[in-house]
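# An overview of the molecular structure
Letter by letter, the chains look like this.
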Amino acid sequence: MEHVATEPLSRMTFRSLANALGVSTYSFVYHFGSRQEMIDAILEEGVRQQNESQTGVDVTAFDREQFRDWYRQAFRHSLREANRTGLRLQFEAGVLEPIEPDLGKRITTAFTAWRETVRSWLKKQGVEGRRAGVLAHWLVDSAAGLQFGYLLAGDRAATVSAFDLFLDAYLREALGD
(Lines give C-alpha, C1' and ligand atoms only; values in the text may rest on other atoms or scores of the structure.)
Protein backbone atom coordinates (compact mmCIF):
# COMPACT_ATOMS: atom_id res chain seq x y z
CA MET A 1 0.00 0.00 0.00
CA GLU A 2 3.01 2.27 0.48
CA HIS A 3 3.59 2.44 -3.27
CA VAL A 4 -0.09 3.11 -3.93
CA ALA A 5 0.05 5.92 -1.37
CA THR A 6 2.75 7.75 -3.30
CA GLU A 7 1.89 6.91 -6.90
CA PRO A 8 -0.73 8.87 -8.88
CA LEU A 9 -3.28 6.80 -10.77
CA SER A 10 -1.90 8.01 -14.11
CA ARG A 11 1.49 6.39 -13.41
CA MET A 12 0.27 3.26 -11.66
CA THR A 13 1.27 0.19 -13.67
CA PHE A 14 1.74 -3.52 -13.13
CA ARG A 15 5.50 -3.00 -13.37
CA SER A 16 5.63 -0.15 -10.83
CA LEU A 17 3.59 -2.12 -8.28
CA ALA A 18 5.48 -5.36 -8.89
CA ASN A 19 8.83 -3.60 -8.49
CA ALA A 20 7.70 -1.88 -5.29
CA LEU A 21 6.54 -5.20 -3.83
CA GLY A 22 9.44 -7.25 -5.14
CA VAL A 23 7.25 -9.67 -7.10
CA SER A 24 6.91 -10.51 -10.75
CA THR A 25 4.74 -8.42 -13.06
CA TYR A 26 3.13 -11.67 -14.19
CA SER A 27 1.46 -12.15 -10.79
CA PHE A 28 -0.40 -8.84 -11.23
CA VAL A 29 -1.33 -9.62 -14.83
CA TYR A 30 -2.60 -13.04 -13.76
CA HIS A 31 -4.59 -11.70 -10.80
CA PHE A 32 -6.09 -8.57 -12.37
CA GLY A 33 -5.96 -9.15 -16.13
CA SER A 34 -5.55 -5.50 -17.03
CA ARG A 35 -4.23 -2.26 -15.60
CA GLN A 36 -7.78 -0.91 -15.49
CA GLU A 37 -8.99 -3.89 -13.45
CA MET A 38 -6.12 -3.34 -11.01
CA ILE A 39 -7.03 0.35 -10.60
CA ASP A 40 -10.70 -0.59 -10.24
CA ALA A 41 -9.84 -2.97 -7.39
CA ILE A 42 -7.73 -0.32 -5.63
CA LEU A 43 -10.47 2.31 -5.95
CA GLU A 44 -13.15 -0.15 -4.87
CA GLU A 45 -11.22 -0.81 -1.67
CA GLY A 46 -10.99 2.93 -1.01
CA VAL A 47 -14.75 3.33 -1.47
CA ARG A 48 -15.39 0.33 0.76
CA GLN A 49 -13.30 1.86 3.54
CA GLN A 50 -15.15 5.17 3.27
CA ASN A 51 -18.58 3.52 3.24
CA GLU A 52 -18.03 1.14 6.16
CA SER A 53 -19.95 3.53 8.42
CA GLN A 54 -23.09 3.20 6.27
CA THR A 55 -23.07 -0.58 5.95
CA GLY A 56 -26.01 -2.20 7.72
CA VAL A 57 -27.11 1.06 9.38
CA ASP A 58 -30.59 2.55 9.07
CA VAL A 59 -29.64 6.19 9.53
CA THR A 60 -33.24 7.32 9.03
CA ALA A 61 -34.12 5.66 12.37
CA PHE A 62 -31.69 7.96 14.24
CA ASP A 63 -32.76 10.92 16.30
CA ARG A 64 -30.69 14.11 16.19
CA GLU A 65 -28.15 13.01 18.83
CA GLN A 66 -27.71 9.57 17.29
CA PHE A 67 -27.21 11.10 13.86
CA ARG A 68 -24.66 13.58 15.22
CA ASP A 69 -22.74 10.82 17.00
CA TRP A 70 -22.87 8.53 13.94
CA TYR A 71 -21.69 11.22 11.53
CA ARG A 72 -18.89 12.27 13.90
CA GLN A 73 -17.74 8.68 14.15
CA ALA A 74 -17.95 8.20 10.37
CA PHE A 75 -15.93 11.38 9.78
CA ARG A 76 -13.25 10.34 12.28
CA HIS A 77 -13.13 6.89 10.67
CA SER A 78 -12.47 8.52 7.28
CA LEU A 79 -9.42 10.25 8.75
CA ARG A 80 -7.79 7.11 10.13
CA GLU A 81 -4.25 6.69 8.91
CA ALA A 82 -5.24 3.34 7.36
CA ASN A 83 -7.82 5.18 5.21
CA ARG A 84 -5.57 8.04 4.12
CA THR A 85 -4.39 6.39 0.90
CA GLY A 86 -7.92 5.40 -0.06
CA LEU A 87 -9.14 8.91 0.66
CA ARG A 88 -6.42 10.45 -1.50
CA LEU A 89 -7.13 8.06 -4.36
CA GLN A 90 -10.85 8.85 -4.13
CA PHE A 91 -10.19 12.56 -4.51
CA GLU A 92 -7.87 11.90 -7.44
CA ALA A 93 -10.29 9.53 -9.15
CA GLY A 94 -13.28 11.75 -8.41
CA VAL A 95 -11.66 14.62 -10.26
CA LEU A 96 -10.73 12.34 -13.17
CA GLU A 97 -14.08 10.53 -13.55
CA PRO A 98 -15.72 13.19 -15.76
CA ILE A 99 -12.80 13.23 -18.21
CA GLU A 100 -11.61 9.60 -18.05
CA PRO A 101 -14.59 7.30 -18.73
CA ASP A 102 -12.57 4.13 -18.03
CA LEU A 103 -12.58 5.02 -14.35
CA GLY A 104 -16.35 4.63 -14.21
CA LYS A 105 -18.48 6.53 -11.71
CA ARG A 106 -17.84 4.68 -8.43
CA ILE A 107 -16.58 7.78 -6.59
CA THR A 108 -19.44 9.95 -7.83
CA THR A 109 -21.90 7.20 -6.94
CA ALA A 110 -20.49 6.80 -3.42
CA PHE A 111 -20.51 10.57 -2.87
CA THR A 112 -24.10 10.78 -4.08
CA ALA A 113 -25.06 7.93 -1.72
CA TRP A 114 -23.77 9.95 1.25
CA ARG A 115 -25.88 12.91 0.15
CA GLU A 116 -28.93 10.68 -0.25
CA THR A 117 -28.42 9.15 3.20
CA VAL A 118 -28.33 12.60 4.79
CA ARG A 119 -31.27 13.85 2.69
CA SER A 120 -33.39 10.85 3.71
CA TRP A 121 -32.57 11.40 7.38
CA LEU A 122 -33.47 15.09 7.15
CA LYS A 123 -36.79 14.30 5.47
CA LYS A 124 -37.55 11.83 8.27
CA GLN A 125 -36.88 14.70 10.70
CA GLY A 126 -39.60 16.69 8.95
CA VAL A 127 -37.44 18.85 6.69
CA GLU A 128 -39.12 19.66 3.36
CA GLY A 129 -37.66 17.74 0.38
CA ARG A 130 -35.94 20.55 -1.51
CA ARG A 131 -34.45 22.05 1.65
CA ALA A 132 -33.35 18.56 2.76
CA GLY A 133 -31.48 18.19 -0.55
CA VAL A 134 -29.71 21.52 -0.14
CA LEU A 135 -28.82 20.77 3.48
CA ALA A 136 -27.53 17.31 2.56
CA HIS A 137 -25.39 18.87 -0.16
CA TRP A 138 -24.02 21.36 2.38
CA LEU A 139 -23.09 18.71 4.98
CA VAL A 140 -21.53 16.13 2.67
CA ASP A 141 -19.65 18.67 0.56
CA SER A 142 -18.34 20.47 3.65
CA ALA A 143 -17.16 17.19 5.18
CA ALA A 144 -15.36 16.40 1.90
CA GLY A 145 -13.71 19.82 1.97
CA LEU A 146 -12.43 19.19 5.48
CA GLN A 147 -11.17 15.75 4.41
CA PHE A 148 -9.31 17.38 1.53
CA GLY A 149 -7.81 19.92 3.93
CA TYR A 150 -6.66 17.05 6.12
CA LEU A 151 -4.93 15.41 3.16
CA LEU A 152 -3.12 18.67 2.41
CA ALA A 153 -2.19 19.71 5.95
CA GLY A 154 -2.14 16.38 7.79
CA ASP A 155 -3.49 17.91 11.01
CA ARG A 156 -6.08 15.39 12.14
CA ALA A 157 -6.82 17.07 15.48
CA ALA A 158 -7.54 20.45 13.86
CA THR A 159 -9.67 18.80 11.18
CA VAL A 160 -11.73 16.90 13.75
CA SER A 161 -12.22 20.05 15.85
CA ALA A 162 -13.32 22.03 12.80
CA PHE A 163 -15.73 19.28 11.78
CA ASP A 164 -17.27 19.03 15.26
CA LEU A 165 -17.81 22.78 15.35
CA PHE A 166 -19.29 22.74 11.86
CA LEU A 167 -21.58 19.76 12.56
CA ASP A 168 -23.09 21.40 15.65
CA ALA A 169 -23.71 24.64 13.71
CA TYR A 170 -25.12 22.64 10.80
CA LEU A 171 -27.61 20.77 12.97
CA ARG A 172 -28.79 24.03 14.58
CA GLU A 173 -29.40 25.51 11.13
CA ALA A 174 -31.00 22.36 9.73
CA LEU A 175 -33.27 21.51 12.67
CA GLY A 176 -33.24 24.54 14.95
CA ASP A 177 -32.13 24.57 18.57
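Reading the values: rules and limits
- Residues numbered from 1 in each chain as written.
- Predicted model: local features only at pLDDT ≥ 70, side-chain atom pairs only at ≥ 80, totals over all residues.
- Heavy atoms only, no water.
- Helix = DSSP H or I, 4+ residues; strand = E, 2+ residues; numbered from the N terminus.
- Buried < 20%, exposed > 50% of the residue type's maximum accessible area, 1.4 Å probe, protein only.
- Contact = heavy atoms within 4.5 Å.
- Phe/Tyr/Trp six-rings, centres within 6.5 Å; stacked < 30°, edge-to-face > 60°.
- Expected span 1.5 Å × (residues − 1).
- Polar contact = N/O pair within 3.5 Å; in protein donor to acceptor, adjacent residues only side chain to side chain.

### A closer look at the overall build of the protein chain
The helix and strand tally for the protein chain stands at nine helices and zero strands. Reading the secondary structure of the protein chain in the N-to-C direction produces α-α-α-α-α-α-α-α-α. Overall size of the protein chain, expressed as C-alpha extent along the three principal axes, is 60 × 30 × 30 Å. Residue burial in the protein chain is summarised as follows: out of 177 residues, 41% are buried. Look at the contacts in the protein chain between residues 6 or more apart in sequence, and 71% of them connect residues 24 or more apart.

### A look at the packing of aromatic side chains
Counted by the stated rule, this structure contains 14 aromatic pairs. Ring plane angle 10 degrees and centroid distance 3.9 Å describe the contact between Phe67 and Trp121, whose orientation is recorded as stacked. In this pair, Phe67 sits in helix H5 (residues 64–78) while Trp121 sits in helix H7 (residues 106–124), placing the two residues 54 residues apart along the sequence. Of the two residues examined, Phe67 and Trp121, each falls in the buried class. These aromatic residues form a ring-pair network of at least three members: Phe62, Phe67, Trp70, Tyr71, Phe75, Trp114, Trp121, Trp138, Phe163, Phe166 and Tyr170.

### Observations concerning helix H6 (residues 84–96)
The end-to-end C-alpha separation of H6 is 19 Å, in line with the 18 Å expected for 13 residues at 1.5 Å each. When H6 is considered as a whole, its buried residues turn out to be Thr85, Gly86, Leu87, Leu89, Gln90, Glu92 and Ala93.

### Some thoughts on the side chain of Gln147
With respect to the helices, strands and loops of the structure, Gln147 is situated in helix H8 (residues 129–153). Among the polar contacts made by the side chain of Gln147, one reaches the side chain of Ser78 at a distance of 2.8 Å.

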